[in-house]
Amino acid sequence: AQTVTQSQPEMSVQEAETVTLSCTYDTSESDYYLFWYKQPPSRQMILVIRQEAYKQQNATENRFSVNFQKAAKSFSLKISDSQLGDAAMYFCAYPLRRNTDKLIFGTGTRLQVFP
Amino acid sequence: EPEVTQTPSHQVTQMGQEVILRCVPISNHLYFYWYRQILGQKVEFLVSFYNNEISEKSEIFDDQFSVERPDGSNFTLKIRSTKLEDSAMYFCASSEQPRGNSPLHFGNGTRLTVT
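What you see is a predicted model, and the numbers here were worked out from it, not measured in a lab.

Cut-offs and rules
- Residues numbered from 1 in each chain as written.
- Chains lettered and ligands numbered in written order.
- Predicted model: local features only at pLDDT ≥ 70, side-chain atom pairs only at ≥ 80, totals over all residues.
- Heavy atoms only, no water.
- Helix = DSSP H or I, 4+ residues; strand = E, 2+ residues; numbered from the N terminus.
- Rg over C-alpha atoms; globule rule 2.2 N^0.38 Å.
- Buried < 20%, exposed > 50% of the residue type's maximum accessible area, 1.4 Å probe, protein only.
- Contact = heavy atoms within 4.5 Å.
- Areas by Shrake-Rupley, 256 points an atom, 1.4 Å probe, with all protein chains shown as cover.
- Polar contact = N/O pair within 3.5 Å; in protein donor to acceptor, adjacent residues only side chain to side chain.
- Buried area = accessible area lost by both parts, 1.4 Å probe.
- Salt bridge = Lys/Arg side-chain N within 4 Å of Asp/Glu carboxyl O.
- Nonpolar A, V, L, I, M, F, W, Y, C, P; charged D, E, K, R; others polar.
- Phe/Tyr/Trp six-rings, centres within 6.5 Å; stacked < 30°, edge-to-face > 60°.
- Core = buried A, V, L, I, M, F, W, Y, C linked by side-chain atoms within 4.5 Å.
- Pairing = 2+ DSSP bridges.
- Axes fitted to C-alpha atoms, helices over the stretch in contact; angles between N-to-C directions.

So, the overall build of chain A
- Along its length, chain A carries zero helices and 12 strands.
- Ordered by position in the sequence, the α and β elements of chain A form the string β-β-β-β-β-β-β-β-β-β-β-β.
- Scaling as 2.2 N^0.38, a compact globule of 115 residues should have a C-alpha radius of gyration of about 13 Å, and chain A matches this with 14 Å.
- If you line up chain A on its principal axes, its C-alpha atoms span 45 × 25 × 20 Å.
- Here chain A holds 115 residues, and 50% of them are scored as buried.
- Excluding contacts between residues fewer than 6 apart, the proportion of contacts in chain A whose partners are at least 24 apart in sequence is 54%.
- Working note: accessible area of chain A is about 5600 Å², and carbon and sulfur atoms make up 45% of it.

Written as structure tokens, this is what we have:
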């Protein structure tokens, strides 16, 4: 079965510090995309970062970066210099199969940021 | 930056009533989606739509659900006879490419409450 596991239901970090959110997944595909989405209290789903599995280089988007370990099927999100506005639910997601539109989402990690 | 917009933000309806949730995807996107999130649970795929027809649907998307693109801009989700378990946040999304090849851009969601 294709699954996404986010093993940390909740995480907390102090402002300006770094935090890493973990995600593991299971797929038999060789080429695929992986996504991290942020859902603040406003409930909107906002794309944080995308990783293409055939690229060895880890994706980076300003303070957000990923540690993509393809063999281990691990896709963690690192947030550097955390800000109060980073407080949100974070979801890892990927397409169920290569020929499908269906994104599979993890259960989410709630990130709290303390001043 | 272009956005996906959804209306209304909150819809309350009685069990058995029909509801229509509306979405305006990003204008140059061709692929449209509905996802839902029952409170405290995972984000779940409902349906994808392209070229005026359903591309893919999940087991959740039964005969009570339908989608339509009535004009060049709107994309709607209709639930014919709502049930209590339809209460959820419904997210519309659009993308430039299908199959996870480009990120999904989500709207702010419509919170549906069935009483």
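Past the structure itself, the notes keep going.
Focus on the side chain of Ser102(B)
- Inspection of the secondary structure puts Ser102(B) in the loop between β9 (88–95) and β10 (105–106).
- Classification of Ser102(B) as buried rests on a relative accessible area of 5%.
- A polar contact is formed between the side chain of Ser102(B) and the backbone nitrogen of Gln97(B), at a distance of 2.9 Å.
- Filtering out sequence-adjacent residues up to four positions away, Ser102(B) remains in contact with Phe35(A), Arg50(A), Ser95(B), Glu96(B) and Gln97(B).

What about the interface of chain B and chain A?
- Taken together, the contact between chain B and chain A spans 24 residues of the former and 22 residues of the latter.
- Taken together, the two surfaces of chain B and chain A that pack against each other cover about 2100 Å², and 52% of this comes from carbon and sulfur.
- Considering only the surface of chain B that becomes buried against chain A, Lys42(B), Arg99(B) and Phe106(B) emerge as the three largest contributors, covering 26% of it.
- Taken together, the links from chain B to chain A amount to zero salt bridges.
- Linking chain B to chain A there are five residue pairs in polar contact (both at pLDDT 80 or more).
- Split by residue class, the side of chain B that touches chain A holds 11 nonpolar, eight polar and five charged.

Observations concerning the packing of aromatic side chains
- Taken as a whole and assessed by the stated rule, the structure comprises 18 aromatic pairs over all chains.
- With 5.5 Å between their ring centres and 75 degrees between their planes, Tyr35(B) and Phe45(B) make a pair best called edge-to-face. Highlighted residues: Tyr35(B) in strand β4 (residues 31–37) and Phe45(B) in strand β5 (residues 43–50), separated in sequence by 10 residues. This pair shows no difference in class: Tyr35(B) is buried, exactly as Phe45(B) is.
- Through a chain of ring-to-ring contacts, the aromatic side chains of Phe35(A), Tyr37(A), Phe91(A), Phe105(A), Tyr35(B), Phe45(B), Phe91(B) and Phe106(B) assemble into a single cluster.

Observations regarding the nonpolar core
- Core analysis: the largest hydrophobic core is formed by 27 residues, its most contacted members being Trp36(A), Val66(A), Phe68(A), Phe75(A), Leu77(A) and Tyr90(A).
- Leave out the neighbours within four places in its chain, and Leu77(A) touches Val19(A), Thr20(A), Leu21(A), Trp36(A), Val48(A), Ile49(A), Phe64(A), Ser65(A), Val66(A) and Tyr90(A).

Description of the pattern of salt bridges
- Summed over the entire model, instances satisfying the criterion amount to four salt bridges over all chains.
- Among the ionic pairs, Asp26(A) bridges to Lys73(A), the shortest N-O distance being 3.6 Å. Here Lys73(A) lies in the loop between β8 (64–69) and β9 (74–79) and Asp26(A) lies in the loop between β4 (24–25) and β5 (33–39), a separation of 47 residues in the sequence.
- On the basis of relative accessibility, which here comes to 31%, the residue Asp26(A) falls in the partly exposed class.
- A relative accessible area of 25% means that Lys73(A) is categorised as partly exposed.
- For Arg36(B), the salt bridge goes to Glu44(B), with nearest N and O atoms at 3.3 Å.

Considering the sheet that holds strand β1 (residues 5–7) of chain B
All names here are of chain B.
- Strands sit in the order β1-β3-β8-β7 across an open sheet of four strands; the sheet is antiparallel. The open sheet is flanked by β1 and β7 (65–68), the only strands paired with a single partner. The sheet shows a mean angle of 20 degrees between the axes of neighbouring strands, direction not considered.

Here we look at the side chain of Ser76(A)
All names here are of chain A.
- Here serine 76 lies in strand β9.
- Since its relative accessible area comes to 10%, serine 76 is described here as buried.
- With near-sequence residues (within four places) excluded, serine 76 lies in contact with Thr20, Leu21, Ser22, Cys23, Trp36, Ser65, Val66 and Asn67.

Any link to function would need more than the numbers given here.
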